[in-house]
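# Observations on the model geometry
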Amino acid sequence: MHRLALTLSSTLLTLAACSAQQAPRAAVIQQSQPSHADLGKLRVHYNLLPTLAMNDAVARSYQVQREADRALLVVALRQLSQGEELPTDGKVQAIATDLSGKRQQIDLRAVRTGPYTDLIGVLDAHPRDQLRVDLQISADAGAGNVRFERNF
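Residues numbered from 1 in each chain as written. Predicted model: local features only at pLDDT ≥ 70, side-chain atom pairs only at ≥ 80, totals over all residues. Heavy atoms only, no water.

Bringing unusual backbone geometry into the picture now. Phi is positive for Asp69, close to 65°, though the residue is something other than glycine. Structurally, the position occupied by Asp69 is in the loop between helix H2 (56-62) and strand E3 (70-81). For Asp69, a relative accessible area of 35% gives the class partly exposed. Positive phi, normally seen in glycine, also occurs at Gln82, with a value near 50°. (Helix = DSSP H or I, 4+ residues; strand = E, 2+ residues; numbered from the N terminus. Buried < 20%, exposed > 50% of the residue type's maximum accessible area, 1.4 Å probe, protein only.)

Here's what the structure looks like:
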């Protein structure tokens, strides 16, 4: 019995020594990515999510079809004033690029949410896609570029 335990221990140590893999480590929780950027007095909120992640009421209010392999880009422009976010208008151009380099121009349209106007657009997004979204923003309160990535 002792010999079997010794042989088993020796075999396990040999296998571990032969392995090129690192020893297991505890998972590290990564901070969530920011979903807004400030450009001068302009705050840009943005999100990209699968259309199937929306509930029916939100999809209806945005007039968006919930479909597999489709994502919704939401961009909200707000003017910063004394710590408050006020409604503001501006122009946004959006392009999504996947890991293979395929680019999609995203047509954005305005939707009203209470006193605010947000910009939304629908694009192709497949499982395991990683999409980089480039936004070019121009408004009276500020202008600039914002880039973010989302995994599906």
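After that view of the structure, there is still more to cover.
We now examine the sheet that holds strand E6 (residues 103-106). Spatial strand order, E6-E5-E9-E10: four strands in an open sheet with antiparallel pairing. Either end of the sheet is taken by a strand with one partner, and the two such strands are E6 and strand E10 (142-151). Along the sheet, successive strands turn relative to each other by an average axial angle of 20°, direction set aside. With eight bridges joining them, strand E5 (residues 90-97) and strand E9 (residues 130-139) adopt antiparallel strand pairing. Paired with Lys91 across the bridge in E9 is Ser138. (Pairing = 2+ DSSP bridges. Axes fitted to C-alpha atoms, helices over the stretch in contact; angles between N-to-C directions.)

The next subject is the side chain of Asp98. For Asp98, the position within the fold is in the loop between E5 and E6. Nearest to the buried, unbridged Asp98 among oppositely charged side chains is Lys102, at 5.6 Å. A distance of 2.9 Å separates a polar side-chain atom of Asp98 from the backbone nitrogen of Lys102. Not counting the four nearest positions on each side in its chain, Asp98 is found in contact with Gln130 and Leu131. (Lys, Arg positive; Asp, Glu negative; His and termini not counted. Salt bridge = Lys/Arg side-chain N within 4 Å of Asp/Glu carboxyl O. Polar contact = N/O pair within 3.5 Å; in protein donor to acceptor, adjacent residues only side chain to side chain. Contact = heavy atoms within 4.5 Å.)

This part covers the confidence of the model for the protein chain. Residues at a pLDDT of 70 or more form 78% of the protein chain, whose mean pLDDT is 85. For residues 4-9, every residue scores under 50 in pLDDT, and the model assigns this stretch zero contacts once sequence neighbours within four places are set aside. (pLDDT = per-residue confidence, 0-100.)

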